[in-house]
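# Secondary and tertiary structure notes
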Amino acid sequence: MRIAFDKVDITPQRPCYMAGYSRTEPSDSVLDSIQINTVAFEIQNESFILCVLDSIMVEEEFCTQVKARVAQQTDTPAEHIVVSCIHTHSAPAYFKLAFEDTHVEPELRAGACNSMVESARRAHGSMREAHVELERMYVESLYGNRNVKGGVEDKSCQLLMFRDSSGEPLGALFNLSAHPTILNGSSRVLSADLIGQARLLLEQQLKCPVACVNGTCGDVSTRFFRTTSGIEELTSTAQALVDQFMERREPIALTAGPVRCGRIERPCTYEAATDPDWQDMTARIQKDLDSANPNRSSAFLMDRQLRKRAMGAIHLTLISQFYLAGNLLIVTLPGDICSELGLRIKRAFSDLEVIIIGYANTYCNYLVPSSDYGQYFETFNSRLARGESDAFIESVIGSIESLRAE
């Protein structure tokens, strides 16, 4: 195989609006650089490209535009191109969040698009012969299910390391599943948060460029483990994460094989006004608001419910692309995927090493399993009806099974 990494610093040189936490004031400083990380590789004369933006989300239209331009400039099929983000809540507001009055920065979004296309072109044109190694580690403490301590969670971290014929590292791809939200809504510091700080530390340890992707972290954060918030907590958590990985990582044997790929799309329509779960959830919140001591979060949740109803009929397309090579399976999913849904994919293919890349190719907010639907915050930020997420994951599993049977 051949591989290349390309890294672009796109940190704005001026204060900018930020996406996440409904902030109305612009950034006032920079903690770590806002980046685009691109990985291009070629196996048996077929090329593949992964572009990762430090952003809270990516829009389908943006991804489609990037893919079309990259495909034209590199002769890489669009279905071999993945555009994703890391879900930091401390990056520029490139896109409009469905449930927030985000001040979008169109100039920065256009610049990110151009930079991503150029990064992909450079990476594609500079690939070198390489071999790949895989390592895995399970995180202790640091983060976990944010609704129930010790609840369903995926605390695996995986690292694909690429080396040249002499053993020198060419680059690495690191996968974890954790909300990068240690910097909270009071922060106006631009940062890639936990993923950005871990990326910096890994690059120092591995002595090569590192691209990071976020997995199924819809209901995973540092909520039950952090002692405070802010920069000090962020840097100490990132250091502990990287220390654990470097000390406890275990090699996983990879088998060779041609790359087989597939893609599915599942159109979904949701309308709050006719949804019985929406009606039940809204009634429960209103009852709490009418009580003598309402919960502090009830007003916020009611705002989410009313926004959802005002949207009318919501049409979304859930997208997954997947790639199978030997015993390695890479699956992309389109937003905040709750842990149980990702683990279903891993359990279905327990004989494979599965890497899940979330926030890819579009953003559909939260995908919540039926067992949790209506219970926690994630449902209030979901634009899908009960059962749609489960059906989507089952269709992903079924499509991969069909691919393996070919």
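As a starting point, this report considers the structure included with it. Keep in mind that this is a model prediction, so the values were computed, not measured. Numbering of residues starts from 1 in every chain and runs along the sequence as written. Local features in a predicted model are, by the rule used here, given only for residues with pLDDT of at least 70; side-chain atom pairs are given and counted only at 80 or more, and totals for whole chains, interfaces and linings are based on all residues. Side-chain calculation: all heavy atoms of the structure are included, whereas hydrogens and water are not.

### Quick look at the pairing of strand β1 (residues 2–9)
Note on pairing: two strands pair once DSSP finds at least 2 bridges between them. Put simply, DSSP H or I for four residues or longer makes a helix, DSSP E for two residues or longer makes a strand, and each gets a number counted from the N terminus. Sheet analysis places β1 next to strand β6 (residues 128–129), joined by two bridges and oriented antiparallel. Among the inter-strand pairings, Arg2 is bridged to a residue of β6, identified as Glu129.

### Side note on the sheet that holds strand β19 (residues 353–357)
In spatial order, the strands read β15-β16-β17-β19; together these four strands make up an open sheet with mixed pairing. With one partner strand each, in any of the chains shown, β15 (259–271) and β19 form the two edges of the open sheet. Geometrically, the sheet is characterised by an average inter-axis angle of 15° between neighbouring strands, direction not taken into account. Contacts from helix α7 (residues 339–348) reach β17 (328–332) and β19 within the one sheet, and its direction differs from that of β19 by about 150°. An axis is simply a line fitted to the C-alpha atoms; with a helix, the fit covers only the stretch in contact. Between two such axes, the angle follows the N-to-C directions and lies from 0 to 180 degrees. It only takes one pair of heavy atoms within 4.5 Å for two residues to be counted as in contact.

### Focus on the sheet that holds strand β4 (residues 46–53)
The strand order across the open sheet built from five strands is β5-β4-β3-β1-β6, with neighbouring strands paired in mixed fashion. Since the sheet does not close on itself, it has two edges, and those belong to β5 (81–85) and β6, each with one partner. Strand direction decides the pairing type here: β1 and strand β3 (residues 35–43), joined by eight bridges, are antiparallel. Note on β3: the bridge partner recorded for Phe5 is Val39. Packed on one face of the sheet, helix α1 (residues 60–74) meets β4 and β5 and runs near 140° to β5.

### Some thoughts on the environment of Thr237
You can see Thr237 is positioned in helix α4 (residues 231–248). Its relative accessible area of 7% is what places Thr237 among the buried residues. Sequence separation between Thr237 and Asp219 is 18 residues; the distance between their C-alpha atoms is 18 Å. With sequence-adjacent residues up to four places away left out, Thr237 is seen in contact with Leu142, Ile182, Leu194 and Thr222. For the exposure calls, accessible area comes from a 1.4 Å probe over protein chains only, and a residue counts as buried if that area is under 20% of its type's maximum, exposed if over 50%, partly exposed in between.

### Topic: the pattern of salt bridges
Pairing between side chains of opposite charge can happen when the charged atoms of each approach one another. Within this document, salt bridges are pairs made up of a side-chain nitrogen of Lys or Arg and a carboxyl oxygen of Asp or Glu, the two lying within 4 Å of each other. Applying the stated criterion to the full structure yields 26 salt bridges. The partner of Arg199 in a salt bridge is Asp54, with the nearest N and O atoms 2.8 Å apart. Here Asp54 lies in the loop between β4 and α1 and Arg199 lies in helix α3 (residues 193–206), a separation of 145 residues in the sequence. The pair Arg199 / Asp54 is uniform in exposure class, with both members buried. Linking Glu378 and Arg146 is a salt bridge whose minimum nitrogen-to-oxygen distance equals 2.8 Å.

### Focus on the packing of aromatic side chains
Pairing of aromatic rings covers Phe, Tyr and Trp, the last counted by its six-membered ring, and requires centre-to-centre distances within 6.5 Å; plane angles under 30 degrees mean stacked, over 60 mean edge-to-face, and any other angle means tilted. Counted according to the given criterion, the structure contains nine aromatic pairs. Relative to Phe245, the ring of Phe174 has its centre 5.3 Å away and its plane inclined at 85°; by these criteria the two rings are edge-to-face. In this pair, Phe174 is assigned in strand β10 (residues 169–176) and Phe245 in helix α4, connecting sequence segments 71 residues apart. Judged on exposure class, the residue Phe174 and its partner Phe245 are both buried.

### What to know about the side chain of His179
Locating His179 in the fold gives a position in the loop between β10 and β11 (189–190). For His179, the residues in contact, after removing those within four places along its chain, are His87, His89, Arg146, Cys217, Gly218, Val220, Ser221, Asp336, Tyr359 and Tyr366.

### Structural notes on the layout of surface pockets
Throughout, the protein atoms alone are placed on a 1 Å grid, and a set of points is a cavity if a 1.4 Å probe fits but cannot get out or a pocket if it is open with protein on both sides within 12 Å along at least five of seven lines; lining residues have an atom within 4 Å of a point. Grid points are joined across faces, edges and corners, and a volume is the space filled by probe spheres set on the points. Roughly 890 Å³ of volume is contained in the largest pocket. The set of elements that each furnish at least two residues to the lining of the largest pocket consists of α5 (276–289), α6 (298–310) and α8 (377–380). Only Asp, Glu, Lys and Arg are considered charged in this grouping, and only Ala, Val, Leu, Ile, Met, Phe, Trp, Tyr, Cys and Pro are considered nonpolar; every other residue, Gly among them, is considered polar. Here the residues of the lining of the largest pocket sort into 15 nonpolar, 16 polar and eight charged. Approximately 600 Å³ is the volume attributed to the second largest pocket. Only β3, β4, β7 (131–138), β9 (156–163), β16 (313–325) and β17 provide two or more residues apiece to the lining of the second largest pocket. In terms of residue class, the lining of the second largest pocket is made up of 22 nonpolar, six polar and no charged.

### As for the pairing of β4
Burial within β4 is extensive, with seven of its eight residues counted as buried. Relative to β5, β4 runs parallel, the two sharing five bridges. Within β5, the position partnered with Ile49 by the bridge is Ile81.

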